[in-house]
Amino acid sequence: MKSQYFAGVDIGSTMTKVVIMDQTTLTPVIGPTGPEHRKLANRVMEEALAKAKLSFDEITYVVATGYGRINVPFADKQITEISCHARGVGHLLPDARTVIDIGGQDSKGIKLKAGRVVDFVMNDKCAAGTGRFLEVTAEGLGVSLEDMGRLSLEAKNRVEISNTCTVFAAQEVVARLSEGVALPDIIAGLHEAIATRIYGMVRRLKIEREVALTGGGAKNIGLVKALEAKLGFPALLPPEPLLTGAIGAALLGRDIVQEAAEKGETLVRSERRLTEASIFT
Amino acid sequence: MTEEKKPEERKKRRTATEAAASIGPMVKAMITDVQKAREEGKPIAFTFIACAYDEIIRAMDIVPSWVENYAGICGAKRDAQRFLERAESLNFSRSLCTYALCGLGFDSWREELGEMPPDAPWGGQVKPTVMLGSGQILCDPRNKWFQAAQHYMPDVPVYDVSLPYPAYADDYDFHETEGYYVKHIVEQLRGLIDFLEEQTGHKMDWARLEELVDLVDRTYDLIVDTYDLRRAIPTPMGTGDAMNTMVPIQFMMATQQAYDFFTNLNAELKDKIARKEGVIEDEKYRLIWGGGLPSWFALGDFNYFNSKGAVFPVETTYRTLESTRDFDIDLKKIKDPLEHIAWRWVKTWTYWYDKARKRPGSHPDVERLIQYIEDFKIDGIVMHEAFSCRSWHVGLIWQLNHLKKIYRDMPSLILESDIIDISSYNEADTRARIDAFIDTLEAVKDR
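Quick caveat: nothing in here was measured; it's all calculated off a predicted structure. (Residues numbered from 1 in each chain as written. Chains lettered and ligands numbered in written order. Predicted model: local features only at pLDDT ≥ 70, side-chain atom pairs only at ≥ 80, totals over all residues. Heavy atoms only, no water.)

Give a detailed account of the nonpolar core, specifying residues and quantitative values.
Judged by nonpolar contacts, the single largest core of 157 residues is most densely connected at I56, Y99 and L132 of chain B. A per-element tally of this core places helix 9 (residues 206–228) of chain B first, with ten residues. Beyond its immediate stretch of four places on either side in the chain, Y99 of chain B contacts E68, A71, G72, W145, L293, W296, Y318, I419 and I420 of chain B. Counting 36 residues, the second largest nonpolar core, distinct from the first, contains L141, M148, I161 and I198 of chain A. (Core = buried A, V, L, I, M, F, W, Y, C linked by side-chain atoms within 4.5 Å. Buried < 20%, exposed > 50% of the residue type's maximum accessible area, 1.4 Å probe, protein only. Helix = DSSP H or I, 4+ residues; strand = E, 2+ residues; numbered from the N terminus. Contact = heavy atoms within 4.5 Å.)

Before we move on, can you summarise the interface of chain A and chain B with the specific residues and values?
It is common to report an interface's size as the accessible area lost on association of the parts. Every contact between the two is made by 18 residues of chain A and, on the other side, 24 residues of chain B. Buried area between chain A and chain B, summed over both chains or domains, comes out near 1800 Å², and the portion from carbon and sulfur atoms is 46%. Taken together, the connections running from chain A to chain B amount to three salt bridges. E385 of chain B is the partner of R204 of chain A in a salt bridge, and the nearest nitrogen-oxygen pair spans 3.9 Å. Our enumeration of links across chain A and chain B arrives at six residue pairs in polar contact (both at pLDDT 80 or more). At the level of elements, helix 3 (81–92) and strand 8 (116–123) of chain A are the ones that each hand at least two residues to the side of chain A that touches chain B. Sort the elements by how many residues they give to the side of chain A that touches chain B and strand 8 of chain A lands first, with seven residues. In the side of chain A that touches chain B, the residues fall into seven nonpolar, three polar and eight charged. (Buried area = accessible area lost by both parts, 1.4 Å probe. Salt bridge = Lys/Arg side-chain N within 4 Å of Asp/Glu carboxyl O. Polar contact = N/O pair within 3.5 Å; in protein donor to acceptor, adjacent residues only side chain to side chain. Nonpolar A, V, L, I, M, F, W, Y, C, P; charged D, E, K, R; others polar.)

So, the packing of helix 2 (residues 23–39) of chain B against helix 4 (residues 67–76) of chain B: which residues are in play, and what are the values?
Residue and element names in this part refer to chain B. Following both chains from N to C, one finds helix 2 and helix 4 inclined at 125°, their axes separated by 12 Å at the closest point. For the element pair helix 2 / helix 4, the angle class is oblique. Seen along the crossing, helix 2 lies across helix 4 with a hand that is left-handed. Facing helix 2, whose interface residues are V27, M30 and I31, helix 4 presents N69, Y70 and I73. (Axes fitted to C-alpha atoms, helices over the stretch in contact; angles between N-to-C directions. Parallel < 35°, antiparallel > 145°, perpendicular 65-115°, else oblique. Left-handed = near helix turned anticlockwise from the far one by under 90°.)

Account for unusual backbone geometry, with residues named and values stated.
With glycine set apart, most residues show a phi of negative sign, and most peptide bonds adopt trans. Cis geometry marks the peptide bond from R209 of chain A to E210 of chain A, where omega comes out at -5°. One can find E210 of chain A in the loop between helix 7 (183–202) and strand 9 (211–214). Cis geometry is found at the peptide bond from I233 of chain B to P234 of chain B, where omega equals -5°. Looking at the secondary structure, you find P234 of chain B in the loop between helix 9 and helix 10 (239–251). We note that K53 of chain A has phi near 55°; this positive angle belongs to a residue other than glycine. Mapped onto the elements, K53 of chain A comes out in the loop between helix 2 (41–52) and strand 4 (59–65). Unlike most non-glycine residues, N91 of chain B shows phi in positive territory, near 80°. Topologically, N91 of chain B is positioned in the loop between helix 5 (81–89) and helix 6 (98–113).

Before we move on, could you go through the pairing of strand 8 of chain A and cite the residues and values that matter?
Residues and elements named next belong to chain A. By the criterion of burial, strand 8 is predominantly enclosed, with seven of the eight residues buried. As paired strands, strand 7 (residues 107–113) and strand 8 are joined by seven bridges and run antiparallel to one another. Bridging across to strand 8, S107 finds its partner in N123. Adjacent in sequence and paired antiparallel, strand 7 and strand 8 are bridged by two residues, among which A114 carries a positive phi angle near 50°. (Pairing = 2+ DSSP bridges.)

Outline the layout of surface pockets, listing residues and values.
Taken as a whole, the second largest pocket spans an internal volume of roughly 1300 Å³. Around the second largest pocket, the lining comprises 42 residues; the ones closest to its centre are K77, Q78 and I79 of chain A together with D439 and E442 of chain B. Per element, the largest residue contribution to the lining of the second largest pocket is ten residues, and it comes from helix 18 (residues 427–446) of chain B. Tallied by class, the residues present in the lining of the second largest pocket amount to 18 nonpolar, nine polar and 15 charged. Of the residues that make up the lining of the second largest pocket, three or more belong to each of domain 1 (5–84 + 243–263) and domain 2 (95–237) of chain A. (1 Å grid on protein atoms, 1.4 Å probe; cavity = no way out; pocket = protein on both sides within 12 Å on 5 of 7 lines; lining within 4 Å. Points joined across faces, edges and corners; volume = space filled by probe spheres on them. Domains from an automatic or database assignment.)

I'd like a rundown of the packing of aromatic side chains, residues and numbers included.
The description of two aromatic rings rests on the distance between their centres and on the angle between their planes. Residues and elements named next belong to chain B. Under the criterion given, the structure shown has 26 aromatic pairs over all chains. Seen from their ring centres, F46 and F146 are 5.9 Å apart, and the 40° between their planes marks the pair as tilted. Note that F46 is positioned in strand 1 (residues 44–47) and F146 in helix 7 (residues 141–149), a separation of 100 residues in sequence. Each member of the pair, F46 together with F146, is buried. A connected cluster of aromatic rings, assembled from ring pairs, spans F327, Y351, W352, Y372 and F376. Across from the ring centre of Y220, 5.4 Å away, lies the NZ or CZ of R344, which sits over that ring. (Phe/Tyr/Trp six-rings, centres within 6.5 Å; stacked < 30°, edge-to-face > 60°. Lys NZ or Arg CZ within 6 Å of the ring centre and 35° of its normal.)

Got a sec to walk through the side chain of D418 of chain B? Specific residues and values, please.
For D418 of chain B, the location among the structural elements is in the loop between strand 8 (412–417) and helix 18. Of note is the side chain of D418 of chain B, whose polar atom sits 3.3 Å from the backbone nitrogen of I420 of chain B.

Describe the sheet that holds strand 8 of chain B, with residues and values.
Residues and elements named next belong to chain B. With respect to topology, four strands assemble into an open sheet ordered 6-5-7-8, the strand pairing being parallel. Strands at the two margins of the open sheet, each flanked by one partner only, are strand 6 (310–315) and strand 8. Mean inter-strand twist for the sheet, computed between neighbouring axes without regard to direction, equals 30°. The pairing of strand 5 (residues 285–289) with strand 7 (residues 380–386) spans three bridges and is classified as parallel.

Residues and numbers for empty space enclosed by the protein, please.
Rolled over the atoms, a probe with the dimensions of a water molecule shows which regions are left empty. Under the definition given, this model contains six cavities of 30 Å³ or more. Here the largest cavity defines a volume of roughly 150 Å³. Together, 15 residues line the largest cavity, and F120, V121 and R204 of chain A together with S412 and I414 of chain B are the ones closest to its centre. When contributions to the lining of the largest cavity are tallied by element, the ones reaching two or more residues are strand 8 of chain A together with helix 17 (396–406) and strand 8 of chain B. Per-class residue counts for the lining of the largest cavity are eight nonpolar, two polar and five charged. Those elements that place two or more of their residues in the lining of the second largest cavity are helix 12 (300–307) and strand 8 of chain B. Partitioned by chemical class, the residues of the lining of the second largest cavity number eight nonpolar, four polar and two charged.

An account of the domain arrangement of chain A is requested, with residue identities and associated values reported.
Residue and element names in this part refer to chain A. Along its sequence, chain A is carved into domain 1 (5–84 + 243–263) and domain 2 (95–237). When each unit is reduced to the centre of its C-alpha atoms, the spacing between domain 1 and domain 2 is 27 Å. Contact residues are listed per partner, giving seven residues for domain 1 and eleven residues for domain 2. Both sides of the domain 1 and domain 2 interface together cover about 730 Å² of buried area, and 65% of this is carbon and sulfur. It is S13, Y67 and I82 in domain 1 that bury the most area against domain 2; as a group they hold 68% of the surface buried on that side. Where domain 1 meets domain 2, there are zero salt bridges. Viewed at the interface, domain 2 and domain 1 are joined by one residue pair in polar contact (both at pLDDT 80 or more). Per-element tally for the side of domain 1 that touches domain 2: the top contributor is helix 3, with three residues. Taken together, the residues of the side of domain 1 that touches domain 2 sort by class into two nonpolar, four polar and one charged.

Structural data, given as structure tokens:
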């Protein structure tokens, strides 16, 4: 029987993630979103197709998710990132009951039961609980975002960052630097500050073990450790935390196709076009 | 200059009922009537919703000017920002109640110009004869707003009515103290009448007051009967409409017009139920608006919920009344109209107390949610945290968590924005949250 392929396209605020899956293989591509790339999700998709050695017509179903999901003309369906993260985590880490997703622009808490969402909370109002907080402060410290986690583990005497506003916190860390405070101690303080905000939000859900961490924030070991300290137990991490939403999107696409087949229904698909999105169409 | 910016014209929002659609012109007429009263030299009183003394103002032929209503109109027309910015320039903090900021910004501007600010929504809010505060524990602007407004209108006197009600506690029988509260409120109302007679020269018409007290009782009962019709499946009316039909409840109480409005709405809902005509054709999820004032500039979000198959048959917001028939005292036996008003006020607040005591660990606000969830067959809860309204919104998350603890877990959504400050609102993010909530409802229903 010929393989069926499903694509998940997760357009986040900073990164665009595409996965192509069949029953046994998974081909991922991650590219930056950025202001100019937002309308060019098709390029990331083309890259994934090339990597998987497939043509676009061979993809049975495409699901788009993330902030930019509406702007994907080649998707058959748009599904919220909450549902896609839940499906992705349910597949990758079936023991997880709570998901904490730390994205570039927002953070979310998701409560799962049998791999499906039963409740959620989101912070999309304040950058201080998101990856943006670390981006801004890393820039102020002259440290690359990738190095922040590693450096924070070298902290000897973590400082308290009292400002909860991202802009003012960036000023505060510069002031701390000029006081001669060691860089790792400042970075550890930043991780503590963001972990406190995220944990405070997710606690609304009555956190249940196991807890999975996803999104770009889950790639930062310093933030992971700070959150684990709040939780009081180790968190689960998927192999590639950035891909959970895209994997979930592909899996939900597969679910849709399978459900239609089981019911003997004709699959409704969009008139999809592998072109860039335009605000004029 | 920001003060000269004019808002864009917006499309009219779709309502399910004709009654709700008729509200816009009624509110406009209400504002025009106050402007006309000013021209004719009639006494005008700035006042607040749920003030309990509607009958007193009407019986004394004093024209009420509802300041929260006018701020809400500015918000709904997306024209509040210039008044908020003006209040901020007068050193009022942006984190204060934005209704109050809008009103203070507007009134100070009008007084400075000696005429209405340019393009004032619906002709503007006129200078009052008196300002009537009404503190009720929960909302500090109800005392402080008019005090601040006197900076710009020093010749307009303020009278502050204190309208407390018993606190709730598991181990304390509020019945023992209700009478003391009534006594206090009656004294407050007598003081109010003395003040109004002195300031306006209008004498209380006691016979008229008794008639209006009876009219309010009947209107309360009719409103509860009418809103209970929304239990029908599909529901014939949602919270989006109720944010319109709150107008006769909050701004027209003690008038025949309010009673007639609900008589007509009652008939309209019965007709829709007979024809099985719902807010939407395919009702999938029934939600409760479980607390929080709405974002007046974003009422279209209710239509967005509808487009996803969700309806709101019930809400707690602006349902600031109970049926007088259900009280544990017979109001009709209380002949003194002021005592009657005071008992109605206290009983409206304590109505849920006895019910809450029957469920271990419950609380009146939570018990009310539970009762509505059962009566209206609710699948999920939506609340709105308006950042500038601390007094009404603090405790919402606690209520939600407590409900889940003592009753059952159910999908919930917290929206975050403001009542009239549009800078707090992001339509894309709000709708992304609504989409995710709908996904959650679907997942829970499928289980």
